[in-house]
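Reading the structure
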Amino acid sequence: MEGATLEQLEEAVRRKIKRPVYALLVGDHLTGVAAQATAYSLSGGMLVRARQLLGIRPVSELKERQVEVGGWQALLHFVEMKTALESIATTKNTAVLEELHSPHVVMDGPELQHLKRVARSFITRAAYHDVVARALPHRESARFEGRLADGLEAARLYLFGTHLLANGECLSHLDALSPPGRLPWLDELRTRQRAEGASAVITRPEAKVLKSELEGLETRMGVALAQGGGDPKSVLGLASSIPNHERCLRFWSASVSADADRELQSLTDAGFLDLYGLWAETILGQPARTGVELSPPVAPGMP
């Protein structure tokens, strides 16, 4: 890591936060979009005084500090351990889960490892809805304000959600979620973001590509939800909200449904047959179609 070292950041934490338990480097350095001048963001847990536990003094559940570390700015955000546990035990916890599983550990300890073990019990299918809610403001900002950073963050969140639902693992760094070369359109946007920084804006041609690609990434996350046995109502509700990908999501939801035959049959009974209909026929063991009738060619008239 260029800039401040983990040792320098730990020293700053111990200087500014009383009774720190653990500390993690989060923010742009965790997600992989940090520029050279980006401030460090640290998240962690802390213990409270005995007087506060006994109710003699009010409990300070949150401490935020800004400090300079070797010429770099660092923002410290620490919560009392009870608050840290409560933030995990909720259906809207994906942002906390991302931070908790940061590979950049400034201060480690048994408390951090215990929190991670507890967190595994709260990685649920509800993560889908939380990620969608987190991505929406970034997606709208990219669309209406043209902020390239928000477009990248929306894409990263959909990739994060897909990986979490498919593997039960928190992976936040954009380069790890989409290695260079996998999504060329994303590589181009990342290259320009790194060159231009926070001032980078989305061009009109990029806006068209981004709109389509973000829709595709959201659909992939829906497929991960469906393949993992997600709530059928949630999956079908998602399908109806994205008409272009409705049959895709219906197929993957049906493939793991307890009533798979009926769901797959509905795909073959449509007025037209696409790839998902053909796959459904194969799964159901129906005779393969050898051809389709086409309209006769139109005889061109005189120009």
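Notes on the structure follow. (Residues numbered from 1 in each chain as written. Predicted model: local features only at pLDDT ≥ 70, side-chain atom pairs only at ≥ 80, totals over all residues. Heavy atoms only, no water.)

1. So, helix α15 (residues 275-284)
For clarity, the threshold we go by: Accessibility here uses a 1.4 Å probe with only protein chains present; expressed as a share of the type maximum, an area under 20% marks a residue as buried, one over 50% as exposed, and anything in between as partly exposed. Each helix corresponds to a stretch of at least 4 residues labelled H or I by DSSP, and each strand to a stretch of at least 2 residues labelled E; elements are numbered beginning at the N terminus. What the arc covers is the set of directions going from the helix axis to the C-beta atoms.
Of all the residues in α15, the buried ones are Gly 277, Ala 280 and Glu 281. Looking straight down α15, one finds that the buried residues subtend no more than 100° of arc, so they occupy a single side. Following α15 by one or two positions, Gly 285 adopts a phi angle in the positive range, close to 75°.

2. Some words on the packing of aromatic side chains
So the rule is basically this: Ring geometry is summarised as follows: Phe, Tyr and Trp rings, the Trp one being its six-membered ring, pair when their centres sit within 6.5 Å, and such pairs are stacked at plane angles under 30 degrees, edge-to-face over 60 and tilted between the two.
Within the structure shown, the criterion is met by one aromatic pair. Considering the side-chain rings of Tyr 40 and Trp 72, the 6.0 Å spacing of their centres and the 65° angle between planes classify their relative orientation as edge-to-face. Within this pair, whereas Tyr 40 is found in strand β2 (residues 40-46), its partner Trp 72 is found in strand β4 (residues 72-80), the two being separated by 32 residues in sequence. Exposure remark for Trp 72: the relative accessible area of 25% places this residue in the partly exposed category.

3. With respect to the environment of Glu 206
Note the cut-off: Here, two residues are considered to be in contact whenever any of their heavy atoms come within 4.5 Å of each other.
With respect to the secondary-structure elements, Glu 206 resides in helix α11 (residues 204-227). A C-alpha to C-alpha distance of 9.6 Å links Glu 206 and Leu 148, two positions 58 residues apart in sequence. With residues up to four places along the chain from it excluded, the contact list for Glu 206 reads Leu 189, Arg 192 and Val 201.

4. A look at unusual backbone geometry
Phi at Arg 19 is positive, roughly 55°, even though this residue is not glycine. With respect to the secondary-structure elements, Arg 19 resides in the loop between α1 (6-16) and β1 (20-26).

5. Thoughts on the nonpolar core
Defined as follows: Definition used in this section: a nonpolar core is a set of buried Ala, Val, Leu, Ile, Met, Phe, Trp, Tyr and Cys residues joined via side-chain atoms within 4.5 Å.
By size, the foremost hydrophobic cluster in this structure holds 44 residues, and its most contacted members are Tyr 22, Trp 185, Leu 186 and Leu 217. No other element matches the ten residues that helix α8 (residues 148-167) contributes to this core. Setting aside residues up to four positions removed in sequence, Tyr 22 forms contacts with Ser 43, Gly 44, Gly 45, Phe 78, Met 81, Ala 84, Leu 100, Met 107, Leu 112 and Leu 115. Judged by nonpolar contacts, the second largest core, of 17 residues, contains Ala 4, Ile 17, Tyr 40 and Val 106.

6. Observations regarding the pairing of β4
Applied cut-off: Whether two strands pair comes down to DSSP finding at least two bridges between them.
Direction of pairing for β2 relative to β4: parallel, over a ladder of seven bridges. In the sheet register, Met 46 faces β4, and the bridge partner there is Glu 80. In this structure, strand β3 (residues 62-69) lies alongside β4, joined through eight bridges in antiparallel fashion. For Glu 68, the partnering residue across the bridge sits in β4 and is Gln 73.

7. Thoughts on the environment of Ala 166
Along the chain, Ala 166 turns up in helix α8. Its relative accessible area of 54% is what places Ala 166 among the exposed residues. Spatially, the C-alpha atoms of Ala 166 and Ala 224 are 5.5 Å apart, while their sequence positions differ by 58 residues.

8. What about the packing of helix α4 (residues 81-88) against helix α6 (residues 110-120)?
Which entries qualify depends on this criterion: The axes used here are C-alpha line fits, helices contributing only the stretch in contact, and every angle between their N-to-C directions lies in the interval 0 to 180 degrees. Convention used here: angles under 35 degrees read as roughly parallel, angles over 145 as roughly antiparallel, angles from 65 to 115 as roughly perpendicular, and any remaining angle as oblique. Here is the rule for handedness: rotate from the far helix to the near one, and if that takes an anticlockwise turn smaller than a right angle the crossing is left-handed, while a clockwise turn gives right-handed. Gly is placed with the polar residues, together with every amino acid not listed as nonpolar (Ala, Val, Leu, Ile, Met, Phe, Trp, Tyr, Cys and Pro) or charged (Asp, Glu, Lys and Arg).
Where α4 meets α6, the closest approach of the two axes is 10 Å, and the angle between their N-to-C directions is 20°. In terms of orientation, α4 lies roughly parallel with respect to α6. Like other packed secondary-structure pairs, α4 and α6 cross with a definite hand, here right-handed. On α6, the residues touching Met 81, Ala 84, Leu 85 and Ile 88 of α4 are Glu 111, Leu 115, Val 118 and Ala 119. When its residues are assigned to classes, the contact of α4 with α6 shows seven nonpolar, no polar and one charged.

In short, shape yes, function no, at least from these values alone.
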